[in-house]
Amino acid sequence: RASWVHRLRQGLRRTGSSIATVFTGTRIDDALYEDLEAALLMADAGVGATRFLLEDLKRRVKEARVTDPAAVKGLLAEAVAELLQPLQQPLVIGRQTPTVVMVVGVNGAGKTTTIGKLTRHLAVGGHGVLLAAADTFRAAAREQLGVWADRTQVEIVSQQGGDPAAVCFDAVKAGQARGIEVVIADTAGRLPTQLHLMEELKKVRRTLDKAMPGAPHEVLLVVDGNTGQNALAQVQAFDGALGLSGLVLTKLDGTAKGGVLAAIALWSRQRSDGRALPVYFIGVGEKLEDLERFDAREFAQALLG
Ligand code: GDP
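Residues numbered from 1 in each chain as written. Predicted model: local features only at pLDDT ≥ 70, side-chain atom pairs only at ≥ 80, totals over all residues. Heavy atoms only, no water.

A. Expanded view of the overall build of the protein chain. Secondary structure summary: the protein chain contains twelve helices and eight strands in total. For 305 residues, the compact-globule formula gives about 19 Å, and the C-alpha radius of gyration of the protein chain, at 21 Å, lands near that figure. Taking the principal axes of the C-alpha coordinates as reference, the protein chain spans close to 65 × 35 × 35 Å. The buried share of the protein chain, reckoned over its 305 residues, is 54%. (Helix = DSSP H or I, 4+ residues; strand = E, 2+ residues; numbered from the N terminus. Rg over C-alpha atoms; globule rule 2.2 N^0.38 Å. Buried < 20%, exposed > 50% of the residue type's maximum accessible area, 1.4 Å probe, protein only.)

Here it is, written out as structure tokens:
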């Protein structure tokens, strides 16, 4: 456990060190808040979340009557943790068999790797898993998913060049027939014609519901934590088209800035259904075990160095 926090800290260290320097002075003044504003923007928090955090922080500073900049850092950690707290929710596997999890995301985000990690996580938790290789366009994607299936010793439904929706339909039916608890569908992240991606994903979603009314029970978006404000744009686009139920933020062990999560949290408050979008997991490495539950407090502390 200590090691993933360490890796998260390492990944966020540039952000952390630039925010930490803001509090090395002796006075709490406008200059401090201006430096902090710049540091939060640099950390990819975005204009809205930066403004929100600064206002919240000023209120906390006033209430706590602190005079030491070092104490302001502690109050900022509290403000960030509170903003992120609604995102901290566990992925719960329901009683229906199977629970159908549709996984989406742009190519390179770490979708296939995350599915491997998620499969292992569920298997360790005692759940049977069946994988559906619904990215039928890329042979490499199918092969890669096959490698994860071998490593985690689960079965996979795939069909070269087939219809993604049909693959998913078959997988759900197979899951039902065999009493497998979780079916995870890997979907395409890019098609030859990008415009059609969302349409294809919507079709997969509808087909899952036909195979099993109520499915998919989860629609997870995998987002690369290094893509800055673009991560927020991806979340908004996929949520608008498909209605997401959760996120996995990957590559937080790298050179991620992490502040974009504050932007996602703020946006999440204004979702049409009023529900926060949970970050079920974060990815902190390339190995199967490098998947961790998101913890708002740990994340806030790592973010602030
Ligand atoms: P996909 O195209 O979305 O399916 O992405 P892949 O699963 O193929 O991952 C793309 C690259 O990102 C691969 O080299 C993975 O090893 C790497 N990757 C995925 N998740 C993580 C992570 O949490 N940390 C690091 N460092 N690399 C990751």
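B. Structural detail: the UniProt feature "domain: SRP54-type proteins GTP-binding" (unreviewed entry) in the protein chain. Per the UniProt record, the feature "domain: SRP54-type proteins GTP-binding" (unreviewed entry) sits at residues 278–291. Here residues 278–291 is 0% helix and 43% strand, with 15 Å between the C-alpha atoms at its ends. (UniProt positions renumbered as here; feature names shortened; annotations may be inferred.)

C. Here's a closer look at the pairing of strand β1 (residues 99–104). The buried count for β1 comes to six of six residues, which makes it a mostly enclosed element. Alternating residues of β1 divide into T99, V101 and V103 and V100, M102 and V104, and every residue in both groups is buried. Examined bridge by bridge, β1 and strand β5 (residues 218–224) share four bridges and lie parallel to one another. Bridge pairing links V101 to E218 in β5. (Pairing = 2+ DSSP bridges.)

D. Quick peek at the sheet that holds strand β8 (residues 291–293). Ordered by their spatial adjacency, eight strands build an open sheet running β3-β2-β4-β1-β5-β6-β7-β8, and the pairing between neighbours is mixed. Looking at the sheet topology across the chains shown, the edges are occupied by β3 (155–157) and β8. Each adjacent strand pair in this sheet contributes to an overall mean axis angle of 25°, direction not counted. Lying on the sheet, helix α8 (residues 164–178) is in contact with β1, β2 (129–133), β3 and β4 (182–186); it crosses β2 at an angle near 165°. (Axes fitted to C-alpha atoms, helices over the stretch in contact; angles between N-to-C directions. Contact = heavy atoms within 4.5 Å.)

E. Local environment of the packing of helix α6 (residues 111–124) against helix α7 (residues 139–152). Across the interface, α6 lies against α7 with an axial gap of 9 Å and an inter-helix angle of 20°. Relative to α7, α6 is oriented roughly parallel. Handedness of the α6/α7 crossing: right-handed. Taken together, the residues of α7 that come into contact with α6 (itself represented by T112, T113, I115, G116, T119 and R120) are A141, Q144, L145, W148 and T152. Across the contact of α6 with α7, the residue classes tally to four nonpolar, six polar and one charged. (Parallel < 35°, antiparallel > 145°, perpendicular 65-115°, else oblique. Left-handed = near helix turned anticlockwise from the far one by under 90°. Nonpolar A, V, L, I, M, F, W, Y, C, P; charged D, E, K, R; others polar.)

F. Expanded view of the environment of K202. Mapped onto the elements, K202 comes out in helix α9 (residues 197–211). On the basis of relative accessible area, K202 is assigned to the partly exposed category, the value being 28%. As for K202 and L242, which are separated by 40 residues in sequence, their C-alpha atoms are 6.3 Å apart. The residues contacting K202, other than those within four sequence positions of it, are A241 and L242.

G. Here's a closer look at the side chain of S245. Secondary-structure assignment places S245 in the loop between α10 (229–242) and β6 (246–250). Engagement of the side chain of S245 in a polar contact is seen with the backbone nitrogen of V219, the distance being 2.8 Å. Apart from the residues within four sequence positions on either side, S245 is in contact with H217, E218, V219, L220, L277, P278 and Y280. (Polar contact = N/O pair within 3.5 Å; in protein donor to acceptor, adjacent residues only side chain to side chain.)

H. Spotlight on the site of the ligand. For the ligand, the set of nearby residues contains 17 residues, the closest of which are G108, K111, T112, T113 and E286. A distance of 3.2 Å is found between an oxygen atom of the ligand and a backbone nitrogen or oxygen belonging to A109. Coverage of the ligand by the protein chains reaches 80% of its 580 Å² of free accessible surface. The dominant element in the shell around the ligand, judged by the number of residues it contributes, is α6, at four residues. (Near = heavy atom within 4 Å. Areas by Shrake-Rupley, 256 points an atom, 1.4 Å probe, with all protein chains shown as cover.)

I. Local environment of the pattern of salt bridges. Applying the stated criterion across every chain, the model contains 14 salt bridges. Among the ionic pairs, D56 bridges to R60, the shortest N-O distance being 3.3 Å. Separated by four residues within a single helix, D56 and R60 lie in helix α4 (residues 46–64), roughly one turn from each other. Of the two residues, D56 and R60, neither departs from the other in class, the shared state being buried. Several salt bridges share partner residues, and in doing so they unite D56, R59, R60, E63, E78 and E82 into one network. (Salt bridge = Lys/Arg side-chain N within 4 Å of Asp/Glu carboxyl O.)

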